[in-house]
Amino acid sequence: MFSKLSVFGTTVALSAAILTGCGSNGGSSDGQVELDFFSNKSESIDTYKGLIADFEKQNPNIKIKLDAPPEAETVLKTRLTKNDLPDLMGIAGNATYGELARAGVLHDFSEEEVTNSIQPAYIDMVNRLVGPDEKGVHGLPYATNANAVIYNKAKFEELGLSVPTTWDEFVLALEKAKAAGETPIYFTLKDAWTGMIPWNSLGGNLAGDEFAAEKNEGKASFAENYDVPADKMLELLEYGHKDNFGVGYNDGNNAFANGESVFYLQGNWAIPEILKANPDMDLGVFAMPVTNDPAQNRLVSGVDVLLTMNEETEHKEEAMKFIEFMMKEETAARYIEEQKAFSAIQDVFQEDPVFEGIKANFESGSLASFPDHYYPAGMGADGILQEFLMKKDKEAFLTKMDKEWEKVNDR
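This one's a predicted model, so the numbers in the text were calculated from it and none came from an experiment.

### A word on the overall build of the protein
Then step 1. A count of helical and extended segments in the protein gives 18 helices and 11 strands.
Then step 2. Here the protein, with 411 residues, has 56% of them falling under the buried criterion.
Then step 3. Here the protein has roughly 17400 Å² of accessible surface; of this, 47% comes from carbon and sulfur atoms.
Then step 4. Charge-centre separation for the protein: the mean point of 36 positive side chains lies 4 Å from the mean point of 68 negative side chains.

Next comes the structure, spelled out in C-alpha coordinates:
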(Lines give C-alpha, C1' and ligand atoms only; values in the text may rest on other atoms or scores of the structure.)
Protein backbone atom coordinates (compact mmCIF):
# COMPACT_ATOMS: atom_id res chain seq x y z
CA MET A 1 0.00 0.00 0.00
CA PHE A 2 1.20 3.53 -0.75
CA SER A 3 2.52 5.25 2.35
CA LYS A 4 1.32 8.76 3.09
CA LEU A 5 4.94 9.57 3.75
CA SER A 6 5.90 8.73 0.18
CA VAL A 7 5.12 11.36 -2.41
CA PHE A 8 5.90 11.33 -6.16
CA GLY A 9 7.81 8.07 -5.88
CA THR A 10 10.41 9.40 -3.44
CA THR A 11 10.44 9.19 0.32
CA VAL A 12 9.50 12.61 1.62
CA ALA A 13 8.78 13.26 5.25
CA LEU A 14 5.56 15.21 5.18
CA SER A 15 5.90 17.01 8.47
CA ALA A 16 3.12 18.73 10.31
CA ALA A 17 4.39 21.96 8.81
CA ILE A 18 3.70 20.69 5.29
CA LEU A 19 0.27 19.46 6.20
CA THR A 20 -0.59 22.84 7.64
CA GLY A 21 1.10 24.93 4.95
CA CYS A 22 -0.58 26.93 2.25
CA GLY A 23 0.32 28.34 -1.11
CA SER A 24 -0.07 32.00 -0.23
CA ASN A 25 -0.26 34.24 2.79
CA GLY A 26 -2.86 36.15 0.87
CA GLY A 27 -4.52 38.30 3.54
CA SER A 28 -3.98 42.06 3.46
CA SER A 29 -4.87 45.02 5.63
CA ASP A 30 -7.55 46.16 3.17
CA GLY A 31 -9.33 42.80 3.38
CA GLN A 32 -8.25 41.55 -0.05
CA VAL A 33 -7.27 37.89 -0.29
CA GLU A 34 -4.76 36.56 -2.83
CA LEU A 35 -5.01 32.91 -3.87
CA ASP A 36 -2.36 31.01 -5.80
CA PHE A 37 -3.89 28.99 -8.67
CA PHE A 38 -1.44 26.47 -10.12
CA SER A 39 -2.01 25.07 -13.62
CA ASN A 40 -0.11 22.40 -15.51
CA LYS A 41 -1.37 23.56 -18.92
CA SER A 42 0.41 26.33 -20.77
CA GLU A 43 -2.21 26.08 -23.53
CA SER A 44 -4.91 27.26 -21.10
CA ILE A 45 -3.18 30.41 -19.87
CA ASP A 46 -5.22 32.87 -21.94
CA THR A 47 -8.48 31.11 -21.14
CA TYR A 48 -7.72 31.08 -17.43
CA LYS A 49 -6.75 34.74 -17.51
CA GLY A 50 -10.11 35.65 -19.02
CA LEU A 51 -12.05 33.55 -16.53
CA ILE A 52 -10.03 34.90 -13.61
CA ALA A 53 -10.75 38.47 -14.74
CA ASP A 54 -14.49 37.73 -14.73
CA PHE A 55 -14.28 36.11 -11.30
CA GLU A 56 -12.36 39.04 -9.84
CA LYS A 57 -14.96 41.49 -11.17
CA GLN A 58 -17.62 39.51 -9.30
CA ASN A 59 -15.42 39.13 -6.22
CA PRO A 60 -13.31 42.29 -5.91
CA ASN A 61 -11.95 41.21 -2.54
CA ILE A 62 -10.32 38.07 -4.06
CA LYS A 63 -7.30 38.14 -6.35
CA ILE A 64 -6.26 34.98 -8.21
CA LYS A 65 -2.58 34.66 -9.06
CA LEU A 66 -2.13 32.23 -11.98
CA ASP A 67 1.03 30.13 -12.03
CA ALA A 68 1.50 27.93 -15.11
CA PRO A 69 5.23 27.16 -15.30
CA PRO A 70 7.08 24.90 -17.73
CA GLU A 71 7.72 21.40 -16.33
CA ALA A 72 4.72 21.98 -14.09
CA GLU A 73 4.66 18.61 -12.33
CA THR A 74 8.31 18.93 -11.35
CA VAL A 75 7.62 22.42 -10.02
CA LEU A 76 4.63 21.15 -8.04
CA LYS A 77 6.72 18.40 -6.46
CA THR A 78 9.31 20.95 -5.42
CA ARG A 79 6.68 23.27 -3.99
CA LEU A 80 5.26 20.46 -1.90
CA THR A 81 8.61 19.57 -0.38
CA LYS A 82 9.22 23.26 0.36
CA ASN A 83 5.95 23.65 2.26
CA ASP A 84 4.53 25.83 -0.52
CA LEU A 85 1.56 23.89 -1.88
CA PRO A 86 -0.72 26.21 -3.90
CA ASP A 87 -4.14 27.18 -2.60
CA LEU A 88 -5.82 26.00 -5.80
CA MET A 89 -4.74 23.60 -8.53
CA GLY A 90 -5.89 22.72 -12.01
CA ILE A 91 -3.88 19.58 -12.76
CA ALA A 92 -4.10 16.43 -14.84
CA GLY A 93 -5.99 13.38 -13.68
CA ASN A 94 -2.93 11.15 -13.56
CA ALA A 95 -0.73 9.23 -11.14
CA THR A 96 0.68 12.42 -9.65
CA TYR A 97 -2.80 13.48 -8.60
CA GLY A 98 -3.38 10.04 -7.11
CA GLU A 99 -0.26 10.31 -4.98
CA LEU A 100 -1.14 13.81 -3.81
CA ALA A 101 -4.56 12.60 -2.75
CA ARG A 102 -3.11 9.60 -0.90
CA ALA A 103 -0.69 11.95 0.85
CA GLY A 104 -3.62 13.66 2.51
CA VAL A 105 -2.83 17.20 1.37
CA LEU A 106 -5.94 17.78 -0.76
CA HIS A 107 -9.43 18.85 0.29
CA ASP A 108 -12.19 16.22 0.32
CA PHE A 109 -15.09 17.47 -1.81
CA SER A 110 -17.43 14.58 -0.97
CA GLU A 111 -19.87 16.82 0.87
CA GLU A 112 -19.60 19.77 -1.51
CA GLU A 113 -22.61 20.41 -3.75
CA VAL A 114 -20.43 21.02 -6.82
CA THR A 115 -19.53 17.33 -6.87
CA ASN A 116 -23.09 16.46 -7.89
CA SER A 117 -22.72 18.27 -11.22
CA ILE A 118 -19.95 15.96 -12.50
CA GLN A 119 -20.55 12.95 -14.69
CA PRO A 120 -20.12 9.95 -12.33
CA ALA A 121 -17.91 8.07 -14.81
CA TYR A 122 -15.20 10.70 -14.48
CA ILE A 123 -15.43 10.69 -10.68
CA ASP A 124 -14.87 6.93 -10.85
CA MET A 125 -11.91 7.44 -13.19
CA VAL A 126 -10.03 9.76 -10.82
CA ASN A 127 -10.98 7.72 -7.77
CA ARG A 128 -9.30 4.70 -9.36
CA LEU A 129 -6.13 6.77 -9.54
CA VAL A 130 -6.26 7.26 -5.77
CA GLY A 131 -7.11 3.66 -4.91
CA PRO A 132 -9.59 2.07 -2.50
CA ASP A 133 -7.75 2.87 0.72
CA GLU A 134 -8.24 6.65 0.59
CA LYS A 135 -11.88 7.60 0.98
CA GLY A 136 -13.38 10.77 -0.43
CA VAL A 137 -13.32 12.86 -3.60
CA HIS A 138 -10.10 14.88 -3.65
CA GLY A 139 -10.31 16.27 -7.17
CA LEU A 140 -13.19 17.54 -9.31
CA PRO A 141 -12.95 16.38 -12.95
CA TYR A 142 -13.42 19.50 -15.04
CA ALA A 143 -12.20 19.17 -18.61
CA THR A 144 -11.62 15.95 -20.49
CA ASN A 145 -9.53 15.33 -23.55
CA ALA A 146 -8.92 12.82 -26.27
CA ASN A 147 -6.05 11.54 -28.35
CA ALA A 148 -6.88 11.76 -32.01
CA VAL A 149 -5.58 11.75 -35.53
CA ILE A 150 -5.94 15.34 -36.69
CA TYR A 151 -6.01 15.68 -40.47
CA ASN A 152 -5.82 18.40 -43.08
CA LYS A 153 -9.16 18.16 -44.88
CA ALA A 154 -7.93 19.93 -48.01
CA LYS A 155 -5.04 17.49 -48.48
CA PHE A 156 -7.32 14.61 -47.52
CA GLU A 157 -9.69 15.48 -50.35
CA GLU A 158 -6.89 16.11 -52.85
CA LEU A 159 -5.56 12.62 -52.19
CA GLY A 160 -9.01 11.04 -52.41
CA LEU A 161 -8.78 9.62 -48.90
CA SER A 162 -11.60 8.55 -46.62
CA VAL A 163 -11.54 8.22 -42.85
CA PRO A 164 -10.01 4.82 -42.04
CA THR A 165 -11.81 2.48 -39.66
CA THR A 166 -9.14 -0.23 -39.41
CA TRP A 167 -5.37 -0.31 -38.92
CA ASP A 168 -4.80 -1.62 -42.46
CA GLU A 169 -6.91 1.20 -43.90
CA PHE A 170 -4.93 3.74 -41.88
CA VAL A 171 -1.60 2.36 -43.11
CA LEU A 172 -2.94 2.42 -46.68
CA ALA A 173 -3.86 6.10 -46.26
CA LEU A 174 -0.35 6.81 -44.99
CA GLU A 175 1.12 4.98 -47.99
CA LYS A 176 -1.03 6.99 -50.41
CA ALA A 177 0.08 10.24 -48.83
CA LYS A 178 3.73 9.20 -49.00
CA ALA A 179 3.43 8.08 -52.63
CA ALA A 180 1.94 11.47 -53.51
CA GLY A 181 5.04 13.22 -52.15
CA GLU A 182 3.36 14.39 -48.95
CA THR A 183 4.69 13.92 -45.42
CA PRO A 184 2.09 11.57 -43.94
CA ILE A 185 2.66 12.31 -40.20
CA TYR A 186 4.37 15.29 -38.63
CA PHE A 187 6.18 13.98 -35.53
CA THR A 188 7.48 16.32 -32.80
CA LEU A 189 9.62 13.86 -30.86
CA LYS A 190 12.11 16.46 -29.68
CA ASP A 191 9.49 16.82 -26.94
CA ALA A 192 9.40 13.27 -25.62
CA TRP A 193 5.86 13.53 -24.25
CA THR A 194 4.41 13.84 -27.74
CA GLY A 195 5.35 10.22 -28.45
CA MET A 196 2.92 9.21 -25.73
CA ILE A 197 -0.03 10.31 -27.90
CA PRO A 198 0.11 7.38 -30.36
CA TRP A 199 1.52 5.14 -27.62
CA ASN A 200 -1.57 5.70 -25.50
CA SER A 201 -3.89 5.19 -28.46
CA LEU A 202 -2.23 1.86 -29.15
CA GLY A 203 -1.93 0.73 -25.54
CA GLY A 204 -5.41 1.89 -24.57
CA ASN A 205 -6.88 -0.45 -27.15
CA LEU A 206 -4.39 -3.32 -27.22
CA ALA A 207 -2.77 -3.75 -23.80
CA GLY A 208 -5.90 -4.39 -21.74
CA ASP A 209 -7.99 -2.07 -19.59
CA GLU A 210 -6.69 -3.59 -16.36
CA PHE A 211 -3.03 -3.56 -17.36
CA ALA A 212 -1.86 -1.34 -14.47
CA ALA A 213 -3.61 -3.38 -11.79
CA GLU A 214 -2.48 -6.64 -13.34
CA LYS A 215 1.07 -5.34 -13.70
CA ASN A 216 1.17 -4.51 -9.99
CA GLU A 217 -0.12 -8.00 -9.23
CA GLY A 218 2.54 -9.65 -11.40
CA LYS A 219 -0.06 -10.84 -13.92
CA ALA A 220 0.97 -8.60 -16.82
CA SER A 221 4.10 -7.00 -18.26
CA PHE A 222 5.15 -4.61 -20.98
CA ALA A 223 7.14 -7.44 -22.55
CA GLU A 224 3.93 -9.40 -23.06
CA ASN A 225 1.12 -6.85 -23.30
CA TYR A 226 2.93 -4.13 -25.26
CA ASP A 227 4.73 -6.21 -27.87
CA VAL A 228 2.25 -5.35 -30.63
CA PRO A 229 1.91 -1.66 -29.68
CA ALA A 230 5.72 -1.36 -29.82
CA ASP A 231 5.79 -2.84 -33.34
CA LYS A 232 3.08 -0.47 -34.49
CA MET A 233 4.89 2.54 -33.03
CA LEU A 234 7.91 1.69 -35.19
CA GLU A 235 5.65 1.27 -38.20
CA LEU A 236 4.13 4.72 -37.69
CA LEU A 237 7.59 6.26 -37.42
CA GLU A 238 8.30 5.24 -41.02
CA TYR A 239 5.73 7.80 -42.16
CA GLY A 240 7.30 10.80 -40.46
CA HIS A 241 9.52 13.56 -41.82
CA LYS A 242 13.30 13.92 -42.06
CA ASP A 243 13.76 15.34 -38.57
CA ASN A 244 11.33 13.48 -36.32
CA PHE A 245 13.49 14.03 -33.24
CA GLY A 246 14.57 17.58 -34.01
CA VAL A 247 11.20 19.33 -33.93
CA GLY A 248 9.18 20.14 -30.80
CA TYR A 249 5.47 20.52 -30.14
CA ASN A 250 5.12 24.27 -30.77
CA ASP A 251 7.01 24.15 -34.06
CA GLY A 252 5.05 21.05 -35.03
CA ASN A 253 1.75 22.87 -34.53
CA ASN A 254 2.95 25.64 -36.83
CA ALA A 255 4.29 23.19 -39.42
CA PHE A 256 1.03 21.27 -39.56
CA ALA A 257 -0.91 24.54 -39.75
CA ASN A 258 1.25 25.48 -42.73
CA GLY A 259 0.32 22.30 -44.58
CA GLU A 260 3.54 20.35 -44.05
CA SER A 261 1.79 17.02 -43.45
CA VAL A 262 -1.53 15.27 -43.95
CA PHE A 263 -1.89 13.83 -40.45
CA TYR A 264 -0.88 14.97 -36.97
CA LEU A 265 -1.01 12.61 -33.99
CA GLN A 266 -2.04 14.85 -31.11
CA GLY A 267 -4.75 15.60 -28.61
CA ASN A 268 -7.66 17.98 -28.93
CA TRP A 269 -5.58 20.56 -27.00
CA ALA A 270 -3.42 21.11 -30.10
CA ILE A 271 -6.34 22.30 -32.22
CA PRO A 272 -6.56 25.86 -30.82
CA GLU A 273 -2.78 26.18 -31.22
CA ILE A 274 -3.01 25.07 -34.86
CA LEU A 275 -5.86 27.48 -35.53
CA LYS A 276 -3.93 30.35 -33.97
CA ALA A 277 -1.28 29.78 -36.65
CA ASN A 278 -3.83 29.30 -39.43
CA PRO A 279 -7.36 30.40 -38.50
CA ASP A 280 -8.76 29.35 -41.89
CA MET A 281 -7.50 25.79 -41.77
CA ASP A 282 -10.15 23.11 -42.28
CA LEU A 283 -9.44 20.33 -39.77
CA GLY A 284 -10.94 16.94 -39.09
CA VAL A 285 -10.30 14.35 -36.39
CA PHE A 286 -10.82 10.64 -35.93
CA ALA A 287 -9.86 8.03 -33.37
CA MET A 288 -6.76 6.14 -34.46
CA PRO A 289 -7.97 2.72 -35.61
CA VAL A 290 -5.37 0.39 -34.09
CA THR A 291 -7.00 -2.96 -34.83
CA ASN A 292 -8.67 -4.43 -37.91
CA ASP A 293 -11.99 -4.76 -36.09
CA PRO A 294 -13.77 -1.38 -36.15
CA ALA A 295 -15.90 -2.38 -33.16
CA GLN A 296 -12.75 -2.75 -31.04
CA ASN A 297 -11.25 0.64 -31.88
CA ARG A 298 -11.99 3.09 -29.07
CA LEU A 299 -11.13 6.72 -28.55
CA VAL A 300 -8.60 7.26 -25.76
CA SER A 301 -10.00 9.90 -23.41
CA GLY A 302 -9.29 11.00 -19.86
CA VAL A 303 -9.45 13.78 -17.30
CA ASP A 304 -7.27 16.55 -18.69
CA VAL A 305 -7.97 19.01 -15.89
CA LEU A 306 -9.31 18.45 -12.43
CA LEU A 307 -9.76 21.20 -9.90
CA THR A 308 -8.57 20.72 -6.36
CA MET A 309 -7.61 22.68 -3.29
CA ASN A 310 -4.95 22.58 -0.62
CA GLU A 311 -6.62 21.09 2.43
CA GLU A 312 -4.87 23.59 4.69
CA THR A 313 -5.24 26.80 2.70
CA GLU A 314 -5.82 29.74 5.01
CA HIS A 315 -8.61 30.94 2.72
CA LYS A 316 -10.85 27.93 2.16
CA GLU A 317 -14.06 29.93 1.79
CA GLU A 318 -12.56 32.15 -0.93
CA ALA A 319 -10.96 29.15 -2.66
CA MET A 320 -14.33 27.37 -2.75
CA LYS A 321 -15.90 30.47 -4.29
CA PHE A 322 -13.44 30.24 -7.17
CA ILE A 323 -14.05 26.52 -7.62
CA GLU A 324 -17.83 27.04 -7.60
CA PHE A 325 -17.40 29.77 -10.22
CA MET A 326 -15.32 27.47 -12.42
CA MET A 327 -17.87 24.66 -12.09
CA LYS A 328 -20.80 26.76 -13.33
CA GLU A 329 -22.17 25.52 -16.64
CA GLU A 330 -21.51 28.80 -18.44
CA THR A 331 -17.90 28.90 -17.22
CA ALA A 332 -17.29 25.26 -18.13
CA ALA A 333 -18.83 25.83 -21.57
CA ARG A 334 -16.52 28.78 -22.19
CA TYR A 335 -13.49 26.76 -21.16
CA ILE A 336 -14.21 23.86 -23.52
CA GLU A 337 -15.13 26.19 -26.37
CA GLU A 338 -11.86 28.09 -26.15
CA GLN A 339 -9.72 25.03 -25.43
CA LYS A 340 -11.44 22.71 -27.89
CA ALA A 341 -11.86 20.28 -25.01
CA PHE A 342 -14.74 18.26 -23.59
CA SER A 343 -16.46 18.75 -20.26
CA ALA A 344 -16.87 16.49 -17.26
CA ILE A 345 -19.78 18.68 -16.16
CA GLN A 346 -23.19 17.21 -16.89
CA ASP A 347 -25.16 18.97 -19.64
CA VAL A 348 -22.11 20.83 -20.97
CA PHE A 349 -21.30 19.61 -24.48
CA GLN A 350 -18.67 20.35 -27.11
CA GLU A 351 -20.51 21.59 -30.20
CA ASP A 352 -17.57 22.50 -32.46
CA PRO A 353 -18.06 20.71 -35.81
CA VAL A 354 -14.32 19.94 -36.00
CA PHE A 355 -15.01 17.10 -33.55
CA GLU A 356 -17.74 15.48 -35.62
CA GLY A 357 -15.43 12.53 -36.32
CA ILE A 358 -15.23 11.52 -32.64
CA LYS A 359 -18.66 12.66 -31.48
CA ALA A 360 -20.05 9.14 -31.83
CA ASN A 361 -17.37 7.78 -29.49
CA PHE A 362 -18.62 10.01 -26.68
CA GLU A 363 -22.26 9.30 -27.45
CA SER A 364 -21.79 5.52 -27.55
CA GLY A 365 -19.21 5.29 -24.77
CA SER A 366 -16.62 3.81 -27.11
CA LEU A 367 -13.82 5.19 -24.93
CA ALA A 368 -10.65 3.90 -23.32
CA SER A 369 -8.65 5.57 -20.54
CA PHE A 370 -5.16 6.99 -21.00
CA PRO A 371 -2.91 4.06 -19.99
CA ASP A 372 -0.07 6.30 -18.82
CA HIS A 373 -2.35 8.01 -16.29
CA TYR A 374 -1.98 4.79 -14.33
CA TYR A 375 1.78 4.47 -14.73
CA PRO A 376 3.72 5.21 -11.51
CA ALA A 377 4.57 8.90 -11.21
CA GLY A 378 8.26 9.43 -11.85
CA MET A 379 8.62 6.43 -14.14
CA GLY A 380 9.73 8.61 -17.07
CA ALA A 381 7.90 6.58 -19.69
CA ASP A 382 8.08 9.36 -22.28
CA GLY A 383 11.87 9.46 -22.19
CA ILE A 384 12.12 5.67 -22.38
CA LEU A 385 9.77 5.67 -25.36
CA GLN A 386 11.78 8.41 -27.08
CA GLU A 387 14.95 6.36 -26.62
CA PHE A 388 13.23 3.30 -28.10
CA LEU A 389 12.08 5.19 -31.17
CA MET A 390 15.64 6.40 -31.72
CA LYS A 391 17.37 3.04 -31.17
CA LYS A 392 14.54 0.72 -32.29
CA ASP A 393 15.54 -2.02 -29.84
CA LYS A 394 12.13 -3.38 -28.86
CA GLU A 395 13.26 -6.04 -26.41
CA ALA A 396 15.49 -3.62 -24.47
CA PHE A 397 12.70 -1.03 -24.45
CA LEU A 398 10.00 -3.31 -23.06
CA THR A 399 12.40 -4.73 -20.48
CA LYS A 400 13.31 -1.22 -19.34
CA MET A 401 9.65 -0.22 -19.04
CA ASP A 402 9.02 -3.21 -16.78
CA LYS A 403 12.10 -2.53 -14.67
CA GLU A 404 11.40 1.20 -14.26
CA TRP A 405 7.80 0.51 -13.23
CA GLU A 406 8.98 -1.91 -10.57
CA LYS A 407 11.83 0.34 -9.44
CA VAL A 408 9.48 3.28 -8.81
CA ASN A 409 6.93 1.11 -7.02
CA ASP A 410 9.63 -0.38 -4.77
CA ARG A 411 10.84 3.01 -3.51
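### What to know about the environment of Gln296
Then step 1. Along the chain, the position of Gln296 falls in the loop between β8 (283-286) and β9 (299-309).
Then step 2. With relative accessibility at 46%, the residue Gln296 sits in the partly exposed group.
Then step 3. For the pair Gln296 and Leu206, spaced 90 residues apart in the sequence, the C-alpha separation amounts to 9.2 Å.
Then step 4. Sequence-distant contacts of Gln296, defined by excluding residues within four places in its chain, comprise Asn205 and Thr291.

### A look at the pattern of salt bridges
Then step 1. On inspection of all chains with the given rule, the structure shows 20 salt bridges.
Then step 2. Several salt bridges converge on common partners, so that one network encompasses Asp36, Asp67, Arg79 and Asp84.

### Considerations on helix α2 (residues 45-58)
Then step 1. An ideal rise of 1.5 Å per residue puts 20 Å on 14 residues; α2 measures up with 20 Å between its terminal C-alpha atoms.
Then step 2. Along α2, the residues that are buried comprise Thr47, Tyr48, Gly50, Leu51, Ile52 and Phe55.
Then step 3. Next to the buried residues of α2 lie β3 (33-39), β4 (62-67), β9, α14 (316-327) and α15 (329-339).

### Remarks on helix α12 (residues 249-257)
Quick reminder: α-helices carry 3.6 residues per turn. Residues three or four places apart thus point the same way.
Then step 1. Regarding α12, the residues found buried are Tyr249, Gly252, Asn253, Ala255, Phe256 and Ala257.
Then step 2. Packed against the buried residues of α12 are β6 (140-152), β7 (263-267), α13 (270-277) and β8.
Then step 3. Looking one or two residues beyond α12, the residue adopting positive phi is Gly259, at roughly 80 degrees.

What counts, and at which threshold
Residues numbered from 1 in each chain as written. Predicted model: local features only at pLDDT ≥ 70, side-chain atom pairs only at ≥ 80, totals over all residues. Heavy atoms only, no water. Helix = DSSP H or I, 4+ residues; strand = E, 2+ residues; numbered from the N terminus. Buried < 20%, exposed > 50% of the residue type's maximum accessible area, 1.4 Å probe, protein only. Areas by Shrake-Rupley, 256 points an atom, 1.4 Å probe, with all protein chains shown as cover. Lys, Arg positive; Asp, Glu negative; His and termini not counted. Charge placed at Lys NZ, Arg CZ, Asp CG, Glu CD. Contact = heavy atoms within 4.5 Å. Salt bridge = Lys/Arg side-chain N within 4 Å of Asp/Glu carboxyl O. Expected span 1.5 Å × (residues − 1).

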